[in-house]
Amino acid sequence: MNIDKKQNGDSLMIALEGRLDTTTAPQLESVLRASIAGIKELEFDFSALEYISSAGLRVLLSAQKVMNKQGSMIIKNASDDIMDVFEITGFTDILNIENAT
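In this report, the structure presented in the accompanying data block is examined. Fair warning: this is a prediction, and the values are worked out from it, not measured in the lab.

Observations regarding helix α2 (residues 54-70)
Consideration 1: Across its 17 residues, α2 extends 25 Å between first and last C-alpha, which sits within 8% of the 24 Å expected from 1.5 Å per residue.
Consideration 2: Those residues of α2 that fall on the buried side of the exposure criterion are A55, G56, L57, V59, L60, A63, Q64 and M67.
Consideration 3: Elements in contact with the buried residues of α2: β2 (11-20), α1 (25-35), β3 (41-52), β4 (72-76) and α3 (80-89).

Here is the structure:
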């Protein structure tokens, strides 16, 4: 999985490419842990994300809990397959998801 991170002041955009699964979730978790302090707007771009597992969902849930206290988090450009996972797991009720393709 590739992680492209761009910070602009207190806004952070993270674009994910590939698979967010048991193998790669710790990588994203590490990036978030190192980058999220002081961030008020966290945006994920999932346009190149092919797959998400329960391990990936756990990382997103942790990030959402942090951002609920310090700002907002949004997921953009999730594919139909990723949206299916969000809907089946009930994450559409937990996460702020925009621009589903």
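Text resumes after the structure shown.
Overview of the sheet that holds β4
Strand pairing in a sheet relies on backbone hydrogen bonds. The paired strands run either parallel or antiparallel.
Consideration 1: The strand order across the open sheet built from 5 strands is β1-β2-β3-β4-β5, with neighbouring strands paired in mixed fashion. Every other strand in the sheet has two partners, leaving β1 (2-8) and β5 (97-98) as the edge strands with one partner each.
Consideration 2: Where β4 and β5 come together, 2 bridges link them in parallel fashion. Within the sheet, the bridge partner assigned to K76 lies in β5 and is E98.
Consideration 3: In the packing of α1 onto the sheet, contacts are made with β1, β2 and β3, and the angle to β2 comes to roughly 175°.
Consideration 4: Seen against the sheet, α3 touches β3, β4 and β5 and runs at an angle of roughly 110° to β3.

Focus: the nonpolar core
Consideration 1: Core analysis: the largest hydrophobic core is formed by 28 residues, its most contacted members being L42, F44, F46 and F86.
Consideration 2: Top contributing element to this core by residue count: α2, with 6 residues.
Consideration 3: Contact partners of F46, with chain neighbours within four places excluded, come to L16, L60, I75, K76, N77, A78, I82 and F86.

Basis of the calculations
- Residues numbered from 1 in each chain as written.
- Predicted model: local features only at pLDDT ≥ 70, side-chain atom pairs only at ≥ 80, totals over all residues.
- Heavy atoms only, no water.
- Helix = DSSP H or I, 4+ residues; strand = E, 2+ residues; numbered from the N terminus.
- Expected span 1.5 Å × (residues − 1).
- Buried < 20%, exposed > 50% of the residue type's maximum accessible area, 1.4 Å probe, protein only.
- Contact = heavy atoms within 4.5 Å.
- Pairing = 2+ DSSP bridges.
- Axes fitted to C-alpha atoms, helices over the stretch in contact; angles between N-to-C directions.
- Core = buried A, V, L, I, M, F, W, Y, C linked by side-chain atoms within 4.5 Å.

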